[in-house]
Amino acid sequence: MQNSIDLRKKRRWGETLIQASLFIAGAFSILTTVGIVYELGKEAMNFFAQVSLWEYFTGADWNPQIDQFGIWALLNATLMTTFIAMLVALPIGLSISLYLSEYASHRARRTLKPILEVLAGIPTVVYGYFALTFMTPLLRGIFGRDVVDIYNTASAGIVIGILIIPMVSSMSEDALSAVPRALRAAAYGLGATKLETAVKVVLPAAISGIMAAFIVAISRAIGETMIVAVAAGAGSNFTFNPFEAAETMTGHIVRISGGDLSYDSIDYNSIFAIGLTLFFMTLSLNVISQRIVRKYREVYE
Amino acid sequence: MTQIKEKEGFADNLPQRHRSGGFWSRLFQISTGVGIVALIALLLNITNSAFGYVATENKIDPETLAINGIPLEQLHPIDLTYILEQNVSAGFFRAQNNEKPFEERTREEIYDLVIERVVEPEAAATWSLFDSLVHKDKINAEVAEKYPNAELSFQSWINGSFLLSPQSADPERAGVRTAVLGSLWVVTITLLFAFPMGVGAAIYLEEYAGDKWFNRLIQTNINNLAGVPSIIYGILGLAIFVRGMEPITSGAFLGPVDPTTANGRTILSAGLTLGLLILPLVIINAQEAIRAVPGSLRQASFGLGATKWQTIWHHVLPNAIPGILTGTILAVSRALGETAPLVVVGASTFITFDPTSPFSKFTTLPIQIYQWTSRPQDEFRNIAAAAIIVLLIILLSLNVVAVYLRNRYSQKI
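Since this is a predicted model, take the numbers as computed values, not measurements. (Residues numbered from 1 in each chain as written. Chains lettered and ligands numbered in written order. Predicted model: local features only at pLDDT ≥ 70, side-chain atom pairs only at ≥ 80, totals over all residues.)

On a plain count of helices and strands, chain B comes out with 17 helices and 3 strands. Here the C-alpha atoms of chain B give a radius of gyration of 30 Å, more than 25% beyond the 22 Å that 2.2 N^0.38 yields for 413 residues. Reported as C-alpha extents along the three principal axes, the dimensions of chain B are approximately 100 × 80 × 40 Å. Across the 413 residues that make up chain B, the buried fraction comes to 41%. (Helix = DSSP H or I, 4+ residues; strand = E, 2+ residues; numbered from the N terminus. Rg over C-alpha atoms; globule rule 2.2 N^0.38 Å. Buried ≥ 20, exposed ≤ 12 C-beta atoms within 10 Å, placed from the backbone.)

Rendered as structure tokens:
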């Protein structure tokens, strides 16, 4: 009994080292965010040293050649494409989610869902090609070649909408499927039709998830780049006509950084200012969406 | 009395309620149809451009090049060299001869050169697959009228030479070789960075992290990063990898560098940028896979005296790895399709040579598609469509592997 086992906890340096490196890997994501805010902020500061905040946030003309830097020219185009995309994606996406979760048979759901997933997995540059070579000619065929420009925000917006449909439908469907069967059974028991059950009982119960899906969809549409870079046109244009060419914030960044951009030029600084604006817009939408889910989620036990 | 009236009202109402129920259910079905129609239209539209009739016009008719009645295809290499010497500039001929003497070249090589430089076939007009199939007679008539010297042939724009040729200013000879190799290089760097980093972070968050504020912050932060638009990562990559870490990403720390890439716009910068972009996706997917490993496995391992890391390495990870791989493959296919961040980081517009190291200039398949799509000429649309098909096939095969992994291992535990 003399050489008994030492039961005290042993310090294992190997384990500590591994844990430390795993912690660094985990904390690295924080570094990424700090990097985004710091780098974007730093260069944006250089930009705002030359352009006043007032001009940036109130101006409606963006012409770097003659020192006009009003974000509204680009922001307006972004909001236009986003709005058009939402007109397409929200009703269709919500309808698909209602169909899949409330109406479709098990088999139909099993075949339809992968098809929608394929739609979500196609690279956005392919959608850009689709917008330019299919949607634009289609719009020009319907509304006339004089009315619709070759590059226009309508075509880009509709195709962004198509791109986002699978996202809206799958997030909304998750929310709808999470509503317990008992609620549906109770509605049927009271004599409600299938539609009344779906729209008046299930939908309100899942509304927080659906709202979150909508907001994430808006954020995604605002940040969408390649479709607008290919199909919405180059050159800023403050217009409310969806058939005219207008450059969005993302489209502008892609166009001017496509060439060999020299550092410390106002163009170089400006993409950071636009990027920062974009970052805060999408970030706040994402945060709002997470808040909604957490705050208004109906908990059924 | 009133009770009966209400009942009648109720019954009257019923058919109308069912009608509207039927109407809306039809509408929901149609909406689902719209989604599927969009997908079909997209695929058809691409196929439509990737195949079709091409009217090719030759600058010099090959028949006039025949010597002593022997057609061009059957001429001896010496005669072919002679034709070449007669028809191209002396400087070009000498340059070619210096590159590889004509005596050492095969007949096919010289013949190809004659076709490329002397005959110079050029697409005068192209037609879509739909037109080619439906309006064949009309196309024949049009060619006969407008391009009397042109030869009409049915062409698949995606073919062997398209896959193997480098980029070219001439759509007839341009290919995706450089772009595909560039994509592979970039994605390899992305994977080397994001996989260990992402899995490490996931292990930390799932196995080690307690419910402290800092760990919650990491988790929230990762969820938010997943929603940041990809172009922001491009701007970040431009500031940090291209500009800030220029000595490293241009390869200058290893010695003298290629002056064209000394600005840091290299495969390494592109790969790291995409690595940052997919990192949150890899982490979230890996976390789910690790979470799915039952706790009883860990407890059994601890019970036998294993340390924390022994438990993770020998029991948790082997069970989670199929899920981790599936998630990583999906993240990689996202990286393969990304365009915007790479444009911002500084993809090259025109490269004709294969990338040789992480410090080479880069282009990728989506970048190539973007550039060809932006050109006004029809033929570039055709090869853009062909390149899209190549990209979609690569992505589809990756997804098939992911689904296979998921199905193969999902029932095990």
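What follows is about the domain arrangement of chain B. Many authors give the size of an interface as the accessible area that is lost as the parts come together. Domain annotation for chain B reports domain 1 (51-156) and domain 2 (177-410). For domain 1 of chain B versus domain 2 of chain B, the distance between C-alpha centres works out to 43 Å. (Domains from an automatic or database assignment.)

Moving on, we come to the interface of chain A and chain B. Across the contact, 67 residues belong to chain A and 68 residues belong to chain B. Broken down by element, the side of chain A that touches chain B gets its largest block of residues, 19 residues, from helix 1 (residues 13-50) of chain A. Among the residues forming the side of chain A that touches chain B, the class breakdown is 40 nonpolar, 22 polar and 5 charged. (Contact = placed C-beta atoms within 7 Å. Nonpolar A, V, L, I, M, F, W, Y, C, P; charged D, E, K, R; others polar.)

Within a sheet, adjacent strands bond to each other through the backbone by hydrogen bonds, running parallel or antiparallel. Residue and element names in this part refer to chain B. Read across the sheet, 3 strands follow the order 2-1-3 without closing on themselves; strand pairing throughout is antiparallel. Looking along the sheet, the strands with just one partner apiece sit at the ends: strand 2 (121-126) and strand 3 (151-156). Averaged over all neighbouring strand pairs, the angle between strand axes comes to 45°, with direction disregarded. Bridging between strand 1 (residues 51-58) and strand 2 involves 5 bridges; their strand directions are antiparallel. Its bridge partner being in strand 2, Asn58 is matched across the sheet by Pro121. (Pairing = 2+ DSSP bridges. Axes fitted to C-alpha atoms, helices over the stretch in contact; angles between N-to-C directions.)

Moving on: the confidence of the model for chain B. Residue and element names in this part refer to chain B. Taken residue by residue, chain B gives an average pLDDT of 84. The fraction at 70 or more is 95%. Averaged pLDDT values for the elements of chain B fall to 73 in helix 4 (residues 107-119) and rise to 94 in helix 12 (residues 267-291). Listed scores for the predicted complex are pTM 0.87 and ipTM 0.91. (pLDDT = per-residue confidence, 0-100.)

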